[in-house]
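Now for the letters of each chain:
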Amino acid sequence: MSARRIVVTSGKGGVGKTTTTANLGAALAMHGKRVVLVDADIGLRNLDLVLGLEKRIVFDLVEVVEGRCQLRQALIRDKRFGEALAVLPAAQTRDKTAVTENQFAKVIDDLAELCDYVIIDCPAGIEHGFRSAVAGAREAIVVTTPEVSAIRDADRVIGKLNERGLPMRLIINRIRPDMVRSGDMLSVEDVCEILSAELLGIVPDDEDVIDTTNRGEPIALRPESRLAAIYAKIARRLEGEIVPFSALGAPSFLSRFLGRKAG
Amino acid sequence: MHELREEPLAAPLPAQRGRCIVVTSGKGGVGKTTTTANVGVALAASGARVVLIDADVGLRNLDIVLGLEARVRHHVLDVLEGHAELDAALVSHKRLPSLKLLAASQTREKDDVDIAAFRGLVDQLRGRFDYVLIDCPAGIEKGFQTAIAGADEAIVVCTPEVSAVRDADRVVGLLGERVKITLIVNRLRPSLVRRGKMLSVDDVNAILRLPLLGVIADEPGVIVSTNKGEPIALDAASPTGDAYRKIAGRIVGTDTSQPEIPREATFLGKLFGGQR
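Residues numbered from 1 in each chain as written. Chains lettered and ligands numbered in written order. Predicted model: local features only at pLDDT ≥ 70, side-chain atom pairs only at ≥ 80, totals over all residues.

J.: Run through the overall build of chain A, naming residues and quoting values.
T.: If you tally the helices and strands in chain A, you get twelve helices and eight strands. Computed over C-alpha atoms, the radius of gyration of chain A comes to 18 Å, within 12% of the 18 Å expected from 2.2 N^0.38 for 263 residues, which places it in the range of a compact globule. Judged by the C-alpha coordinates and their principal axes, chain A covers about 55 × 40 × 35 Å. Evaluated residue by residue, chain A yields a buried proportion of 52% over its 263 residues. Counted over contacts in chain A with a minimum sequence separation of 6, partners at least 24 positions apart contribute 76%. (Helix = DSSP H or I, 4+ residues; strand = E, 2+ residues; numbered from the N terminus. Rg over C-alpha atoms; globule rule 2.2 N^0.38 Å. Buried ≥ 20, exposed ≤ 12 C-beta atoms within 10 Å, placed from the backbone. Contact = placed C-beta atoms within 7 Å.)

J.: How would you sum up the overall build of chain B? Please name residues and give values.
T.: What chain B contains, in helices and strands, is twelve helices and eight strands. Classification of the 276 residues of chain B by burial places 53% in the buried group. If you take every contact in chain B between residues at least 6 apart in sequence, the share linking residues at least 24 apart comes to 78%.

J.: Hey, could you go over the packing of helix α5 (residues 115-126) of chain B against helix α6 (residues 142-149) of chain B for me, with residue numbers and the actual values?
T.: All names here are of chain B. Two numbers describe how α5 lies on α6: the axes approach to 8 Å, and their chain directions differ by 35°. Note on packing geometry: the crossing formed by α5 with α6 is right-handed. On the side of α5, the interface is formed by Ile115, Phe118 and Arg119, while α6 contributes Gln145, Thr146 and Ala149. Across the contact of α5 with α6, the residue classes tally to three nonpolar, two polar and one charged. (Axes fitted to C-alpha atoms, helices over the stretch in contact; angles between N-to-C directions. Left-handed = near helix turned anticlockwise from the far one by under 90°. Nonpolar A, V, L, I, M, F, W, Y, C, P; charged D, E, K, R; others polar.)

J.: Would you mind going over the interface of chain A and chain B in detail, with residue names and values included?
T.: At the interface, 34 residues of chain A touch 34 residues of chain B. Residue contributions to the side of chain A that touches chain B peak at five residues, all from helix α7 (residues 148-163) of chain A. A breakdown of the residues in the side of chain A that touches chain B according to their chemical character gives eleven nonpolar, twelve polar and eleven charged.

J.: Give a description of unusual backbone geometry that names residues and reports values.
T.: Positive phi outside glycine occurs at Arg174 of chain A, with the angle close to 60°. Inspection of the secondary structure puts Arg174 of chain A in strand β7 (residues 168-175). On the basis of neighbour count, Arg174 of chain A is assigned to the buried category, with 22 C-beta atoms found within 10 Å. A positive phi angle, near 60°, is found at Arg187 of chain B, a position not held by glycine. As for its placement among the helices and strands, Arg187 of chain B is situated in strand β7 (residues 180-188). We classify Arg187 of chain B as buried; it has 23 C-beta atoms within 10 Å.

J.: With reference to specific residues and values, describe the sheet that holds strand β4 (residues 85-88) of chain A.
T.: Residues and elements named next belong to chain A. Sheet architecture is open: eight strands sit in the order β3-β4-β2-β5-β1-β6-β7-β8, paired in mixed fashion. Looking at which strands have only one partner, the edges of the open sheet turn out to be β3 (76-77) and β8 (199-204). Pairing of β7 with β8 involves five bridges; the strand directions are parallel. Each bridged residue has a counterpart across the sheet, and for Ile172 the counterpart in β8 is Ile202. Together, β1 (4-9) and β5 (117-121) form the strand contacts of helix α6 (residues 128-135), whose direction differs from that of β1 by roughly 155°. (Pairing = 2+ DSSP bridges.)

J.: Residue-level account of the packing of helix α1 (residues 32-45) of chain B against helix α11 (residues 239-252) of chain B, with values.
T.: Residues and elements named next belong to chain B. The contact between α1 and α11 brings their axes to 8 Å, and the two run at 70°. On the basis of the axis angle, α1 is roughly perpendicular to α11. For the element pair α1 and α11, the recorded crossing hand is right-handed. Contacts from Asn38, Val39, Ala42 and Leu43 in α1 reach Tyr244, Arg245, Ile247, Ala248 and Ile251 in α11. (Parallel < 35°, antiparallel > 145°, perpendicular 65-115°, else oblique.)

J.: An account of the environment of Val23 of chain B is needed here, citing residue identities and associated values.
T.: Residue and element names in this part refer to chain B. In this fold, Val23 is placed in strand β1 (residues 19-24). Sequence separation between Val23 and Val76 is 53 residues, and the spatial gap between their C-alpha atoms is 17 Å. Setting aside its immediate chain neighbours within four residues, Val23 contacts Lys32, Thr35, Thr36, Leu133, Ile134, Asp135, Cys136, Ile155 and Val157.

J.: An account of the sheet that holds strand β5 (residues 131-135) of chain B is needed here, citing residue identities and associated values.
T.: All names here are of chain B. Strand order in the open sheet formed by eight strands is β3-β4-β2-β5-β1-β6-β7-β8, with mixed pairing between adjacent strands. Edge strands, defined here as strands with exactly one partner in the open sheet, are β3 (90-92) and β8 (212-217). Averaged over all pairs of adjacent strands, the angle between strand axes in this sheet comes to 25°, irrespective of strand direction. Judged from the three bridges that link them, β3 and strand β4 (residues 99-102) form a sheet pairing that is antiparallel. By the bridge assignment for β4, Val91 is matched with Leu101. Those strands touched by α1 are β1, β2 (50-54), β4, β5, β6 (153-158) and β7, and its axis lies near 165° from that of β5. Relative to the sheet, α6 contacts β1, β5 and β6, its axis offset from that of β1 by approximately 155°.

J.: Please give an account of the environment of Asp152 of chain B that cites residues and values.
T.: All names here are of chain B. As for its position among the elements, Asp152 is in the loop between α6 and β6. For Asp152, a count of 13 C-beta atoms within 10 Å corresponds to the partly exposed category. Separated by 29 residues in sequence, Asp152 and Ile181 have C-alpha atoms that sit 8.8 Å apart. Leave out the neighbours within four places in its chain, and Asp152 touches Cys20, Val179 and Lys180.

J.: For the nonpolar core, give the residues involved together with the corresponding values.
T.: Proteins that are soluble and globular tend to have nonpolar side chains buried together. One finds Ile120 of chain A together with Ile134 and Val156 of chain B to be the most contacted residues of the largest nonpolar core, which totals 174 residues. Setting aside chain neighbours within four positions, we find Ile120 of chain A in contact with Ile6, Val7, Val8, Val38, Ala40, Ile108, Ala133, Gly136 and Ala137 of chain A. (Core = buried A, V, L, I, M, F, W, Y, C linked by C-beta atoms within 7 Å.)

Here's what the structure looks like:
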């Protein structure tokens, strides 16, 4: 068996790589896929926190690479998803040079034997940690926000992915439709045009993400949340389904008051 | 010797060597570049001579946030490698001539920067400016090591999120005892804090335990000003701009007030423009 191997990257930090990795993993797991999420941010790991698994870490990626434990021993199964979702945590007290590109690629190859999707949460930047995270991937998801600086960094990263021949699709994260409408934020069309990239998903800015992230409960687990529906759609697009993009129905002022949900 | 371009020759050199402050965070996207730009603008507006160095080689953004991207001719590696004179690489801010930018190289890698040479450049700039502010890249790799090499003070920027706090804590550990560290809590949403959906400033600092330099509210005005290349600290009417000006005052030592927790624009205030 050979799993899909997808790196989630962005160039700029803080645009939502880890949140995207966690929620996409959750959505794919709920879609019946077996998923392993890999935290490649050695020294600044956070994927464990976002999934609420930080207290269950025994071994980490670096210990796997150094042969101090078996790969399966280091995987933390997220029990909320039965057998479907597991995380390979990064080491916190080491730095990125602890793992070479080849060693990283080998771990990803080994994981690909165990599941349907290996999703790699890339560190910010384009240094050694980026190169390692990308080394084991066969495709990429570039996350960006509709901000000039994030787009410029995404553009640089897309160039680096192209050099490596990695196919990529784009998730535009934290869009605020009201600000797009008032001309204070770039639109989805603007971003896609600048980056000339194929769109995989559009995720609106939602304050509940901060709270769910702090609590270690990915928002994709909340069936009533509009973001759960959006991540489910992204998961189906990854699976090859053609899922139309709904017009970015920002909850209008009144619908917010009346508690209606956007489409 | 080459002459200074815009500063009059008669301008006195700093009475003492300038201070070098690195703006860092560990986690990306928490507002390092926005902080560097706004604190730099506020310091320059108060009369100080300020140079901002973008240390994010390969992923520069400080030029955009300052609205200077079209004026960048040379960058930090050009200077370090002897392809450009320092003065030719310093870009003056359009409204504040005492504020200069030294841009990062966009098409190069952080591994190309020699740490000792970078430290030497910072040292040279400290002889000419009151403040050298360094916009550190995200992460704790070589780019971080380079950016902190010449600094003896650090502003750690942290958002009220568990992941940002954890990364900031790691960075504080790496900065060590040598560096004097202060904290800016960025993008606070008081309404979320009140509803128990966001960490408070006290929650953040219960973990980090750093002297608090300032608290900045999460407000769309910052995104708008950043996209326009006009730091909000230039907006005399903005409460967020005022918060940055107070931060500058605390750095200089002229403002001894305790940082305020931003108040939220009330619903009615928003409707009637009461806050702005």
